[in-house]
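Structural overview
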Amino acid sequence: MRTQAFEHHEGAGSRPDRVVDSTRETAGRGRRGIPHAWWFAGCARPGLRVGALLVAATVGLGTVRAAKIPVPNGSFESPATEFVDIRLDSWQKTPKPDWFDESGGQLWDQLTGLYLNLPVGDPGRIENCDGNQAVWIFAVPQAGFFQDYESTDWSSTSPLHAFDVRYEAGKSYQLTVGVLGGGGNMQAGASLLVELYYRDGSSNQVSVAASTFVYAPPPVPGAKRFVDVTVEVPTVPAGAPWAGQHIGIRLLSTIDPSLAGGFWDVDNVRLEAVGEPVLLAPGFFDGKFGFTLQSAPGAKFEILAASDASLPLSNWTSLATLTSATGSIAFKDESPTVDRRFYRARQVE
Ligand SMILES: [Ca+2]
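All right, on to the overall build of the protein then. Regarding its fold elements, the protein presents 1 helix and 20 strands. Counting only residues that meet the buried cut, the protein has 36% of its 349 residues in that class. Across the protein, every contact between residues at least 6 apart in sequence was considered, and the portion connecting residues at least 24 apart equals 74%.

Encoded structure:
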């Protein structure tokens with residue numbers, strides 16, 4: 001007798017659900033961590049199918065349901081400048097490669113820096129600049145900067161330990177960066193890497209996920225606007241090498257040397273985490289079926305039920321709306337017991 005099953009289900013939201021768990025075995029065999037009442041109920045009701053628990057994560061990355069993670073100086077507003085400044089607070093510049101020759105007067109340190117956006121009415125103004133300032137990155141191979149727990153900036157030679165955020169198992173992440181190409185007669189095909197990484201045991205920066213933005217001149221020159229480039233890290237498995245490691249963000253010119261020239265404008269580095277909602281510990285409690293909903297703290301869910309899991313969402317019955325203040329909240333179905341019922345938790349806020 002299969003008494004409980006967790007199934008995979010395609011959600012109605014902007015991304016597919018995850019497999020929550022595989023089918024489990026017969027009740028009455030005793031499983032650690034399952035309330036005794038559940039096993040008693042299961043044995044006492046031979047033939048009862050408790051159906052399936054589904055997680056319909058209608059939450060999508062980048063929606064308001066994601067938790068924002070502050071990135072120190074993510075908008076490049078510091079230090080404040082009235083024109084330009086090659087000092088970047090909180091970000092460590094990539095080291096000068098041996099092949100870069102500073103004898104011509106251009107220093108590696110000058111390939112990145114921040115600037116004050118131009119005033120309203122100036123054709124060079126970037127319309128959707130976040131705050132007052134943004135940065136430039138010259139389209140030279142390996143020019144760029146990064147930030148993690150161990151990184152430094154111009155003001156320090158020792159790690160700042162300011163960006164103290166780790167990849168947490170069960171969560172997914174999205175990095176978003178505003179990028180504008182074309183500065184200084186940049187050539188088509190110039191590329192910029194936007195990356196999330198972690199440091200391995202030897203302190204090497206190991207990529208977890210990355211996007212490469214390739215410049216293509218607009219067919220019709222228009223107002224200057226940043227375009228959001230996103231990098232998504234899928235739900236972190238507990239056994240992933242980056243689970244529990246500090247998050248690192250890197251912006252790097254990956255241009256082919258033959259295309260070198262011009263510069264990128266970059267602004268508004270944003271990082272968000274989404275806690276994967278899961279339904280746990282199903283069982284009968286005082287004769288009523290219930291389970292625990294685990295999610296990101298503060299998330300609000302609607303609990304829905306149906307006799308047929310294939311029914312469209314609009315045909316499911318709403319049982320309750322729960323706000324999970326701590327990230328873990330119990331639910332018990334108080335409605336009359338039925339032979340078979342499917343449940344899903346839909347995040348609504
Ligand atoms: Ca800014």
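Turning to the nonpolar core, a few remarks are in order. Grouped together as the largest cluster of nonpolar side chains are 49 residues, with contacts concentrated most on Ile137, Leu196 and Trp264. Counting residues per element, this core draws most heavily on strand 14 (residues 263-275), at 7 residues. Among residues more than four places away in sequence, those in contact with isoleucine 137 are Leu111, Thr112, Ala143, Gly144, Leu192, Leu251, Ser253, Phe263, Trp264 and Val266. The next biggest cluster of nonpolar side chains, apart from the first, holds 12 residues, and it includes Leu293, Ala299, Phe301 and Ala345.

Here we come to the sheet that holds strand 5 (residues 92-93). Spatially, 5 strands are ordered 5-8-13-10-11 in an open sheet, and the strand pairing comes out antiparallel. With one partner strand each, in any of the chains shown, strand 5 and strand 11 (205-214) form the two edges of the open sheet. Two strands pair when backbone bridges link them, and strand 5 and strand 8 (residues 144-147) are joined in this way by 2 bridges, in the antiparallel orientation. Its bridge partner being in strand 8, glutamine 92 is matched across the sheet by phenylalanine 146.

On to unusual backbone geometry. Cis rather than trans, the peptide bond between serine 78 and proline 79 has omega equal to 0°. Locating proline 79 in the fold gives a position in the loop between strand 3 (67-69) and strand 4 (84-85). In this structure, asparagine 73 is a non-glycine residue whose phi angle is positive, near 50°. Relative to the helices and strands, asparagine 73 is located in the loop between strand 3 and strand 4.

On a regular strand, each side chain points to the face opposite its neighbour's, so the side chains alternate between the two faces of the sheet. With 6 of 6 residues buried, strand 13 (residues 248-253) lies mostly within the body of the structure. The side-chain alternation of strand 13 yields two buried faces, one formed by Gly248, Arg250 and Leu252 and the other by Ile249, Leu251 and Ser253. Where strand 8 and strand 13 come together, 4 bridges link them in antiparallel fashion. Bridged to glutamine 147 within strand 13 is isoleucine 249. Where strand 10 (residues 191-199) meets strand 13, 6 bridges bridge the pair, whose relative direction is antiparallel. Note on strand 13: the bridge partner recorded for leucine 192 is serine 253.

Take the sheet that holds strand 16 (residues 288-294) next. Across the sheet, which stays open at both edges, the 3 strands sit in the order 15-16-19 with antiparallel pairing between neighbours. What marks the edges here is a single partner per strand, and that holds for strand 15 (278-285) and strand 19 (328-332). Looking at each pair of strands side by side, their axes are set apart by 20° on average, direction ignored. Bridging between strand 16 and strand 19 involves 5 bridges; their strand directions are antiparallel. Bridging from a neighbouring strand, glycine 290 pairs with lysine 332 of strand 19.

Here the focus is the environment of lysine 224. Examined against the element boundaries, lysine 224 turns out to sit in the loop between strand 11 and strand 12 (227-233). Classification of lysine 224 as partly exposed rests on a count of 19 C-beta atoms within 10 Å. Sequence separation between lysine 224 and leucine 180 is 44 residues; the distance between their C-alpha atoms is 7.7 Å. The residues contacting lysine 224, other than those within four sequence positions of it, are Gly124, Arg125, Ile126, Glu127 and Leu180.

So, how was this worked out
- Residues numbered from 1 in each chain as written.
- Predicted model: local features only at pLDDT ≥ 70, side-chain atom pairs only at ≥ 80, totals over all residues.
- Helix = DSSP H or I, 4+ residues; strand = E, 2+ residues; numbered from the N terminus.
- Buried ≥ 20, exposed ≤ 12 C-beta atoms within 10 Å, placed from the backbone.
- Contact = placed C-beta atoms within 7 Å.
- Core = buried A, V, L, I, M, F, W, Y, C linked by C-beta atoms within 7 Å.
- Pairing = 2+ DSSP bridges.
- Axes fitted to C-alpha atoms, helices over the stretch in contact; angles between N-to-C directions.

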